[in-house]
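Single-letter residue listing:
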Amino acid sequence: MEQLKKIHTSCEWKQIFESEEFKEDYLYQGLDLGSTYSKEKTIFKVWAPSATEVVLNLYQTGSDEEENAKLIDKLPMKEESRGIWEKTVNGDWNGIYYTYTITANGKKNETADIYAKACGINGQRSMVINLESTNPEGWEQDKFFTPNTKTPVIYELHIKDFSSDDNSGISEKHRGKYLAFTEKNTKSTGLSYLQSLGITHVHLLPFYDFASVDESRQDNEQFNWGYDPLNYNVPEGSYSTNPYQGEVRIKEVKQMIQALHEAGIAVVMDVVYNHTYSTNSWFQYTVPYYYYRTNEQGEFSAGSMCGNDTASEHEMFRKFMIDSVCYWTKEYHIDGFRFDLMGLHDTDTMNEIRDALNRISGEKNILMYGEPWSGDYTSIQEGYQLANKENIRLLKEGIAVFCDNIRDSIKGSVFEADEPGFVNGNLSLINDIKSSVCGWLDGADKKFMPYNPRQIVSYVSSHDNYTLWDKLQYTLKAKPDFKGTDKELIQINKMAAGIYFTCLGIPFFQAGEEGARTKQGIENSYKTSSSINQIDWKRIHQNEDLVNYYRGLIDIRKHFTALSSESDEILKQIKFLEIEEEAVVGYVINGNRDLEDKWNELCIFYNGNDKKVVVDLPAGEWKLLSDGKQMGLSELISERIILNQHSVTILGK
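The following paragraphs examine the structure supplied in this document.

Calculation rules
Residues numbered from 1 in each chain as written. Predicted model: local features only at pLDDT ≥ 70, side-chain atom pairs only at ≥ 80, totals over all residues. Heavy atoms only, no water. Helix = DSSP H or I, 4+ residues; strand = E, 2+ residues; numbered from the N terminus. Rg over C-alpha atoms; globule rule 2.2 N^0.38 Å. Buried < 20%, exposed > 50% of the residue type's maximum accessible area, 1.4 Å probe, protein only. Contact = heavy atoms within 4.5 Å. Expected span 1.5 Å × (residues − 1). Polar contact = N/O pair within 3.5 Å; in protein donor to acceptor, adjacent residues only side chain to side chain. Core = buried A, V, L, I, M, F, W, Y, C linked by side-chain atoms within 4.5 Å. Pairing = 2+ DSSP bridges. Axes fitted to C-alpha atoms, helices over the stretch in contact; angles between N-to-C directions. Phe/Tyr/Trp six-rings, centres within 6.5 Å; stacked < 30°, edge-to-face > 60°. 1 Å grid on protein atoms, 1.4 Å probe; cavity = no way out; pocket = protein on both sides within 12 Å on 5 of 7 lines; lining within 4 Å. Points joined across faces, edges and corners; volume = space filled by probe spheres on them. Salt bridge = Lys/Arg side-chain N within 4 Å of Asp/Glu carboxyl O.

## Description of the overall build of the protein chain
Thinking step 1. A count of helices and strands for the protein chain gives 15 helices and 25 strands.
Thinking step 2. Relative to the globule expectation of 26 Å for 653 residues, the C-alpha radius of gyration of the protein chain, 26 Å, shows essentially globular dimensions.
Thinking step 3. Its C-alpha atoms put the protein chain at 85 × 55 × 50 Å along the principal axes.
Thinking step 4. The buried share of the protein chain, taken over its 653 residues, is 63%.
Thinking step 5. A fraction of 71% describes how many contacts in the protein chain between residues 6 or more apart in sequence connect residues 24 or more apart.

## Description of unusual backbone geometry
Thinking step 1. In the Ramachandran plot, Met305 falls in the positive-phi region, its phi being about 70 degrees despite a non-glycine side chain.
Thinking step 2. Mapped onto the secondary structure, Met305 falls in the loop between helix 6 (282-286) and helix 7 (315-332).
Thinking step 3. Phi angles above zero are rare outside glycine, and Asn465 is one such case at about 65 degrees.
Thinking step 4. Relative to the helices and strands, Asn465 resides in the loop between strand 18 (456-458) and helix 11 (468-476).
Thinking step 5. The class for Asn465 is buried, based on a relative accessible area of 14%.

## Observations concerning helix 8 (residues 347-361)
Thinking step 1. Over its 15 residues, helix 8 extends 21 Å from the first C-alpha to the last, a length consistent with the 21 Å expected when each residue adds 1.5 Å.
Thinking step 2. What helix 8 keeps buried is the set Thr347, Thr349, Met350, Asn351, Ile353, Arg354, Ala356, Leu357, Asn358 and Ser361.
Thinking step 3. Packed against the buried residues of helix 8 are helix 7, strand 15 (336-339) and strand 16 (367-370).
Thinking step 4. Where helix 8 begins, one side-chain oxygen reaches toward the backbone nitrogen of Asp348, 3.2 Å away; that side chain belongs to Asp346.
Thinking step 5. One or two residues past the end of helix 8 sits Gly362, with phi positive at roughly 95 degrees.

## Some details on helix 11
Thinking step 1. The buried fraction of helix 11 is high, at seven of nine residues.
Thinking step 2. Residues of helix 11 that are buried include every one of Leu468, Trp469, Asp470, Lys471, Leu472, Gln473 and Thr475, and no others.
Thinking step 3. At its buried positions, helix 11 is contacted by helix 9 (404-411), helix 12 (487-501), helix 14 (537-542) and helix 15 (544-558).

## A closer look at the environment of Tyr384
Thinking step 1. Within the secondary structure layout, Tyr384 lies in the loop between strand 16 and strand 17 (400-402).
Thinking step 2. On the basis of relative accessibility, which here comes to 18%, the residue Tyr384 falls in the buried class.
Thinking step 3. The spacing of Tyr384 and Tyr290 is 94 residues in sequence and 17 Å in space, taken between C-alpha atoms.
Thinking step 4. Discounting residues that sit within four places of it in the chain, Tyr384 has contacts with Lys23, Glu313, Glu315, Arg318, Asp346 and Asp348.

## Thoughts on the nonpolar core
Thinking step 1. Residues Trp47, Leu194, Phe207, Phe337, Phe339, Ile589 and Tyr606 are the most contacted members of the largest nonpolar core, which totals 149 residues.
Thinking step 2. Examining the composition of this core, we find that 10 residues originate from one element, helix 7, more than from any other.
Thinking step 3. With residues near it in sequence (within four places) discarded, Phe339 still touches Val271, Tyr273, Val325, Met350, Ile353, Met368, Tyr369, Gly370 and Glu371.
Thinking step 4. Residues Val89, Trp93, Ile96 and Ala116 belong to the second largest nonpolar core, which totals 21 residues.

## Some remarks on the sheet that holds strand 10 (residues 154-157)
Thinking step 1. One closed barrel accounts for eight strands, arranged 10-11-14-15-16-17-18-19; its pairing is parallel. Put simply, the sheet's adjacent strands are angled 30 degrees from each other on average, direction ignored.
Thinking step 2. Alignment of strand 10 against strand 19 (residues 506-510), held across three bridges, turns out to be parallel. Its bridge partner being in strand 19, Ile154 is matched across the sheet by Phe508.

## Regarding the packing of aromatic side chains
Thinking step 1. By the definition in use, this model includes 50 aromatic pairs.
Thinking step 2. Here the aromatic rings of Tyr208 and Tyr232 are separated by 6.0 Å at their centres, their planes lie at 45 degrees, and the arrangement is tilted. Taken as a pair, Tyr208 in strand 12 (residues 208-210) and Tyr232 in strand 13 (residues 229-235) lie far apart in primary sequence, 24 residues in all.
Thinking step 3. Take Tyr232: its relative accessible area is 3%, and that puts it in the buried class.

## Details of the pairing of strand 15
Thinking step 1. With burial as the criterion, each face of strand 15 is covered, one bearing Gly336 and Arg338 and the other bearing Phe337 and Phe339.
Thinking step 2. Across four bridges, strand 14 (residues 266-271) lies against strand 15 in parallel orientation. The residue bridging Met269 from the neighbouring strand is Phe337, located in strand 15.
Thinking step 3. Here strand 15 pairs with strand 16 via four bridges, running parallel. Bridged to Gly336 within strand 16 is Leu367.

## Some details on empty space enclosed by the protein
Thinking step 1. Across all of its chains, the model carries five cavities of 30 Å³ or more by this definition.
Thinking step 2. Considering only enclosed or pocket space, the largest cavity measures out at about 70 Å³ in volume.
Thinking step 3. Together, Leu33, Gly34, Lys45, Val46, Trp47, Asp113, Ile114, Tyr115, Thr286, Tyr291, Met316 and Phe320 line the largest cavity.
Thinking step 4. Contributions of two or more residues to the lining of the largest cavity are made by strand 2 (41-47) and helix 7.

## A few points about the pattern of salt bridges
Thinking step 1. Summed over all chains, the structure comprises 31 salt bridges.
Thinking step 2. Across the pair Lys14 and Glu18 runs a salt bridge whose closest N-O atoms are separated by 3.2 Å.
Thinking step 3. Taking the shortest distance from any N to any O, the salt bridge between Asp355 and Lys396 comes out at 2.6 Å. Highlighted residues: Asp355 in helix 8 and Lys396 in the loop between strand 16 and strand 17, separated in sequence by 41 residues.
Thinking step 4. What makes Asp355 partly exposed here is its relative accessible area of 25%.
Thinking step 5. In the salt-bridge network here, residues are joined through shared partners; they are Asp270, Arg338, Asp340 and Glu371.

What follows is the structure, given as structure tokens:
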């Protein structure tokens, strides 16, 4: 295609890249893009079909500001078939930094390698790396980890939040770092605390290399959630003890994952393939206008609200996503992936990623879930379907979505601070609560029709929006006291947790929710200081009663697999009880005897009233497991029971 070497508008490039001729001539299926290292030589390959010239630049350091910084050489690369430019450099180049200078569409740009596996300070230069040298002792015995349970419980955590607090029990040199997770015997904090909770998976907010912090600054006030991708296949340097040496961050991420695996906890990686930090990205410099969606006017699509939606339907970006996820799985032993704004990706891409993960680990062993929505309209290519709520039936088994129906039914709108849900005053939502119990598989929402309970992630809070505690303060207190420990709100917090933990699906909660976490009423804390975002370990200990309630809920989930069923047949095992009292939901669910559930049945009541309520029990003798205030009870009850106000009562037999 001669037109590839010419200058075009973005609209013209869109037509070229989406043509069948381009796909037939330039699709590349090889798994060797980037730098392939050996002691004898390093082979560099970059896919740049529209380039007229590509030069490989070799550097001594990751930036010009470092000692001994110099340009080693500039080597022209040769164009091969299917848009591949290649250069083989003989000798041992481990630890050398590199970039490409690519001339395309009439412009010359120096760019890092989109397939880079290592980089220097702030990700501006890629790095040749001998990955075997980054493996910690015993890494060969560590594999991607699947907890011995069919009942996952996910705990969402920001790496810096975990240990920035002076009361974290972590040594000062490791606070806010990957290695904080490797410190053992912290007793009531750190890794020891995560073990004591009983969670099965830690979901870590982005730790690929992101652009929104300066890695050269090692201060505690610089903060970002990390949803600003720069180098997708390289760990973020600000969480490492030395961001200047590219191999350090790689080894320390492996040490973190290894420590979590040894503690019996799987690791979920938060990934953000729907947009990049800016349009001045390595992708745009490498193949202008290929990796992004543009509208009919040639403008970058902004469904992510960041002004640069990526084009998952373009085969080489789809390939990049699949290659990237598989790389993290194989090299870092990642156990699951959470997809930011998954509703911007097409269903074909998500299904192909699911298939690729299944081939690596066995069917559905690696978790995969995401946000089934977008921020705004995106200009997806005609003929493709977005992986959003409305299209959930087009997603394969093993792809779950966050259920905002459950979230908003329980606590109210995440966008309107004073709009309540069932637990904080809107008792008219009782039917939505019943649908939430069923994972919304009951057909109550005609635009959201999941076919499998394990497609549902049930939750009430995540890093986005208000913490659960702050939301309760805004809806229930005339004058919010975010740092307080109001007993009434603690009880309502318990009720909220009790509901989503007893809904079908996969329970998920934000780190610190179990300790009445507050961000002092800030709705979007993505770049505020660590003092706002960090886990307040003193507050966790002050609210030990609430923490123990969460521990009890997790324990019940682990011993009653029916709530985590993978079949819609479980709906036949749920029977809602007829209760005359308003604002009370009661149901019985049968256990799974084949999996040796601890109880044959659970009977669960939600009382949204400000008063105690007496209700009849189904026939038989029941053991009271929780009265909504405490867990671990064992009183035997029959005929009727008194439900505490704002409570979730759980009985088993």
